[in-house]
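Next come the chains, spelled out residue by residue.
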Amino acid sequence: MSTAKLILEGRELELPVVVGTENETGIDISSLRAKSMAITLDPGYGNTGACRSAITFIDGEKGILRYRGYPIEELARGARFTEVCYLLIHGHLPSQDELDGFRHLLTYHSMIHEDMKKFFEGYSHSAHPMAILSSMVSALSTYYPITASDADIDLNIIRLLAKAKTIAAFAYKKSIGQPFSYPKNDLSYTANLLHMMFSVPTEQYEVPAVLDDVLNLLLVLHADHEQNCSTSTVRLVGSSDANLFASVAAGICALWGRLHGGANQNVIEMLKMMHDDGGDFRKYLDKAKDSGSGFRLMGFGHRVYKNFDPRATILKEAADKVLSDLHVDDPLLEIAKNLEEAALEDDYFVERKLYPNVDFYSGIIYRAMGIPTDMFTVIFALGRIPGWVAHWKELRQDPDRRIGRPRQIYVGEPQRAFVPMNRR
Ligand code: CMC
């Protein structure tokens, strides 16, 4: 085993080096404090590996993303979302029988308990659907056994995957004041979601194949992304032995932020702002370069991808096709393309390796599909659930598992005396 040497205040410390299947190298500092009383400081965990994981591989420099070894481009071309769910959670692609059985379970667990519908009455019409999704997912733990038995956990995984889309669609229906549409057992996972969002009791609704296919693509592309903010949240919460629903509800909250999954909603809001301002995207490009402005180009930049985000490349192509198939002429797409072109030639963005990320083009597609802006991050969340589940499960089975508990460097007041002032 190779080792790394650290010289700390003149003392040499030897630390083990771990190497992954793709030759990524890590210095195992887990014994550092015991050996030296020192810790490592890494705000935002940019250099910290928190686990060994066999689920997803990313090479940010080369723009590589693989789920369980399969390149994202190949999965995007030919896999259904339910297959990818199975792959991520079970570690291998399902046989036809396994897939049929898995789909059957996902279909037959789609309905939510009728009593849970009453929760929707309590939410405001203007409630953000991410708030509804996270609280309803957490509330699933009040309806189903949350024991540590494998059988209960396996069934809860199915329940979560199956019911989350129903909750998402009901949240949308609530926001527009329409009656809920129940899931239909003859529809696929993606078609069911579209049916529950867009069908109304007064009309026959046929799920358009183009919407079904592009929704499938979007969910496949979002299904996992190794140790991102929301997945790390799920792992951290899960590390305390919190149940699956509670852990995933926390992940949904983490995803909501505008620097993470919430960026897709913010991209459209930003493009609209540019459009309403006469289409002058260069003004906003300059603003994004001014660190004092507090403004960032939403949908640009990534902690890991320093070349291109392979998901964005796939979605850029898909956006053109979907808009043409749906005969949508969206001026925001034009602004997005001009903005991307200008940013990619601009020294500020080139030097910092800031490229369009997955959220840059997904918003344009959701918009063309007729999905309202505040539902964008909800669709991202539905796509990411299998990834969260796979990580939560992997963590539970990890023999090295410990409760997640980072340390800190204290920079507050040194000890000082408390002088009572006899206040009431
Ligand atoms: N616009 C303008 N400047 C940027 C941007 C941006 N979108 N992103 C990063 N920078 C600058 C940043 O100001 C810093 O400049 P300097 O070195 O002069 O201080 C430099 O680039 C490095 O940025 P950072 O904040 O240290 O990078 P990070 O790895 O901590 O953050 C990020 C990554 C994705 C949060 C960030 O790029 C960002 O805020 N992007 C916009 C939000 C966004 O699109 N998020 C979606 C991410 S992909 C999907 C997902 O994860 O959910």
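For clarity, every value in this text was computed on a predicted model and none was experimentally measured.

1. Focus on the packing of aromatic side chains
Overall, the coordinates contain 17 aromatic pairs when judged by the stated rule. With centroids separated by 6.5 Å and ring planes inclined at 50°, the aromatic side chains of Phe 198 and Tyr 205 adopt a geometry described as tilted. Considering the side-chain rings of Phe 360 and Tyr 361, the 5.0 Å spacing of their centres and the 90° angle between planes classify their relative orientation as edge-to-face. Each member of the aromatic cluster is reached from another via a ring pair, and the members are Phe 120, Tyr 123, Phe 170, Phe 180 and Tyr 182. Between Lys 165 and the ring centre of Tyr 189, over which it is positioned, the NZ or CZ distance is 4.7 Å. Sitting over the ring of Phe 295, Lys 287 keeps its end group 5.2 Å from the ring centre.

2. Notes on the layout of surface pockets
Space inside the second largest pocket adds up to approximately 460 Å³. Every residue lining the second largest pocket is counted, 18 residues in all, and those nearest its centre are Ala 76, Arg 77, Leu 217, Ile 314 and Ala 318. Breaking the lining of the second largest pocket down by element, the ones donating at least two residues are helix H2 (72–78), helix H9 (209–222) and helix H14 (310–325). For the lining of the second largest pocket, the class distribution of residues is eight nonpolar, three polar and seven charged.

3. Overview of the site of the ligand
What surrounds the ligand is a group of 21 residues, the closest being His 260, Arg 296, Leu 297, Gly 299 and Arg 303. Here an oxygen atom of the ligand sits 2.8 Å away from a polar atom, N or O, in the side chain of Arg 303. With the chains in place, 73% of the 930 Å² that the ligand exposes on its own is no longer accessible. Taken together, the residues that form the shell around the ligand break down as 10 nonpolar, six polar and five charged.

4. Focus: unusual backbone geometry
Positive phi outside glycine occurs at Tyr 45, with the angle close to 55°. Following the sequence through the fold, Tyr 45 ends up in the loop between helix H1 (32–36) and strand E4 (56–59). Look at Tyr 45 and you get exposed, because its relative accessible area is 52%. Here Arg 68, not a glycine, exhibits a phi torsion of approximately 50°, which is positive. Looking at the secondary structure, you find Arg 68 in the loop between strand E5 (64–67) and strand E6 (70–71). By relative accessible area, Arg 68 is classed as partly exposed at 22%.

5. Thoughts on helix H11 (residues 244–256)
Its 13 residues place the ends of H11 19 Å apart at the C-alpha level, agreeing with the 18 Å of an ideal helix rising 1.5 Å per residue. The buried fraction of H11 is high, at 10 of 13 residues. Listed as buried for H11 are Leu 244, Phe 245, Ser 247, Val 248, Ala 249, Ala 250, Gly 251, Ile 252, Ala 254 and Leu 255. Of the surrounding secondary structure, the elements contacted by the buried residues of H11 are helix H6 (129–139), helix H7 (150–176), helix H10 (229–238) and helix H18 (376–397).

6. Quick word on the packing of helix H5 (residues 114–122) against H6
Contact pair H5 / H6: the axes reach a minimum separation of 11 Å and the direction vectors enclose 145°. The two elements H5 and H6 cross, and the hand of that crossing is right-handed. Contacts between H5 and H6 involve Met 116, Phe 119 and Phe 120 on the former and, on the latter, Ile 132, Met 136 and Ala 139. In terms of residue class, the contact of H5 with H6 is built from six nonpolar, no polar and no charged.

7. Section: a nonpolar patch on the surface
Nonpolar side chains collect at one region of the surface, where Leu 41, Ile 409 and Val 411 lie side by side and expose about 350 Å² of accessible area between them. By the element assignment, Val 411 lies in the segment after H18.

Quick notes on the rules
Residues numbered from 1 in each chain as written. Predicted model: local features only at pLDDT ≥ 70, side-chain atom pairs only at ≥ 80, totals over all residues. Heavy atoms only, no water. Phe/Tyr/Trp six-rings, centres within 6.5 Å; stacked < 30°, edge-to-face > 60°. Lys NZ or Arg CZ within 6 Å of the ring centre and 35° of its normal. 1 Å grid on protein atoms, 1.4 Å probe; cavity = no way out; pocket = protein on both sides within 12 Å on 5 of 7 lines; lining within 4 Å. Points joined across faces, edges and corners; volume = space filled by probe spheres on them. Helix = DSSP H or I, 4+ residues; strand = E, 2+ residues; numbered from the N terminus. Nonpolar A, V, L, I, M, F, W, Y, C, P; charged D, E, K, R; others polar. Near = heavy atom within 4 Å. Polar contact = N/O pair within 3.5 Å; in protein donor to acceptor, adjacent residues only side chain to side chain. Areas by Shrake-Rupley, 256 points an atom, 1.4 Å probe, with all protein chains shown as cover. Buried < 20%, exposed > 50% of the residue type's maximum accessible area, 1.4 Å probe, protein only. Expected span 1.5 Å × (residues − 1). Contact = heavy atoms within 4.5 Å. Axes fitted to C-alpha atoms, helices over the stretch in contact; angles between N-to-C directions. Left-handed = near helix turned anticlockwise from the far one by under 90°. Patch = residues over 30% accessible without salt bridge, like charges linked within 9 Å, V, L, I, M, F, W, Y side chains within 5 Å. Salt bridge = Lys/Arg side-chain N within 4 Å of Asp/Glu carboxyl O.

Any functional reading would require information that these geometric values do not contain.
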